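The primary structure of each chain is shown beneath.
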Amino acid sequence: NTGGTVNDTARDPEVLRIASGLMSGKYRLYYSYWNGTYYQLAFKDATDINPPSGTNLGVQNLLGVGSSTVNQALKPDIILLASGRYRLYYGYNNGTYSQLAYRDTNDTEPPSSSNLGPENLLSIGNSIYYSVSGTEVVARPGGGYRLYYHVANSTNGTSFLVYRDTTNLNPPDAANLG
């Protein structure tokens, strides 16, 4: 199990079945980890070829994404890029509001603390009045991608789900969201 106390909480699971490399055929469980002060992203590897459960998870590994109360990370979503690299999407919180961000791996291994590139912020959620979180990226049947996310408006208390399609065939980035 993962989490379980007030200062050791896990949420927002994302399970990745690893397609190639050293861990081919195994699973990795990514999640938001609350350390009692702020959220950061973490993962545990399954110790066998079965999906993650309470009996086959290894030790917790921190991704190095989310490092303070003004640099928090939540709700990971991972996609495999055409290049064989991975893209990690997540909700980024700067202590005032949340927006969406992503990082690409610099090799073909699944995201870890040693292979993540720089943080890229998407121009979605950029004020205290328009805070976003919770990403899900889905490939569309005709090509391109759809990015789903949650929006909270602090001025009127509304909260709703939104999606945006990419304007080309590439995964969502700062330049191609319609």
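Residues numbered from 1 in each chain as written. Predicted model: local features only at pLDDT ≥ 70, side-chain atom pairs only at ≥ 80, totals over all residues. Heavy atoms only, no water.

Colleague: Got a sec to walk through the sheet that holds strand S11 (residues 159-165)? Specific residues and values, please.
Modeller: Pairing within the open sheet is antiparallel, and its three strands lie in the order S9-S10-S11. Pairing within the sheet leaves two strands with one partner each, and these edge strands are strand S9 (131-139) and S11. With direction set aside, neighbouring strand axes in the sheet form an average angle of 20°. Bridging between S9 and strand S10 (residues 145-152) involves seven bridges; their strand directions are antiparallel. When the sheet's bridge partners are listed, Val137 is paired in S10 with Leu147. (Pairing = 2+ DSSP bridges. Helix = DSSP H or I, 4+ residues; strand = E, 2+ residues; numbered from the N terminus. Axes fitted to C-alpha atoms, helices over the stretch in contact; angles between N-to-C directions.)

Colleague: Before we move on, can you summarise the nonpolar core with the specific residues and values?
Modeller: In this structure, Leu41, Leu63, Val65, Leu88 and Tyr90 are the most contacted members of the largest nonpolar core, which totals 16 residues. Contributing elements (two or more residues each) for this core: strand S3 (39-45), strand S5 (72-80) and strand S6 (86-93). With four residues, the single largest contributor to this core is S6. Residues Ile79, Tyr89, Leu147 and Val151 belong to the second largest nonpolar core, which totals 14 residues. (Core = buried A, V, L, I, M, F, W, Y, C linked by side-chain atoms within 4.5 Å. Buried < 20%, exposed > 50% of the residue type's maximum accessible area, 1.4 Å probe, protein only.)

Colleague: Tell me about the sheet that holds S6, residues and numbers included.
Modeller: Adjacent strands of a sheet pair through backbone hydrogen bonds, lying either parallel or antiparallel. The four strands are arranged S5-S6-S7-S8 in an open sheet whose pairing can be described as antiparallel. Two strands lie at the open edges of the sheet, namely S5 and strand S8 (120-121), each paired on one side alone. Here S6 pairs with strand S7 (residues 98-104) via seven bridges, running antiparallel. Counterpart to Tyr90 in the pairing with S7 is Ala101.

Colleague: Requested: an account of the packing of aromatic side chains, with residues and values cited.
Modeller: Tallying each qualifying case throughout the model produces four aromatic pairs. The interplanar angle of 45° and the centroid separation of 5.6 Å between the aromatic rings of Tyr30 and Phe43 together place this pair among those described as tilted. Placement of the pair is Tyr30 in strand S2 (residues 27-34) and Phe43 in strand S3, with a sequence separation of 13 residues. Judged by its relative accessible area of 0%, Tyr30 falls in the buried class. Ring centres of Tyr89 and Tyr102 lie 5.7 Å apart, and the angle between their planes is 50°; this geometry places the pair in the tilted category. Of this pair, Tyr89 sits in strand S6 while Tyr102 sits in strand S7, and the two are 13 residues apart along the sequence. (Phe/Tyr/Trp six-rings, centres within 6.5 Å; stacked < 30°, edge-to-face > 60°.)

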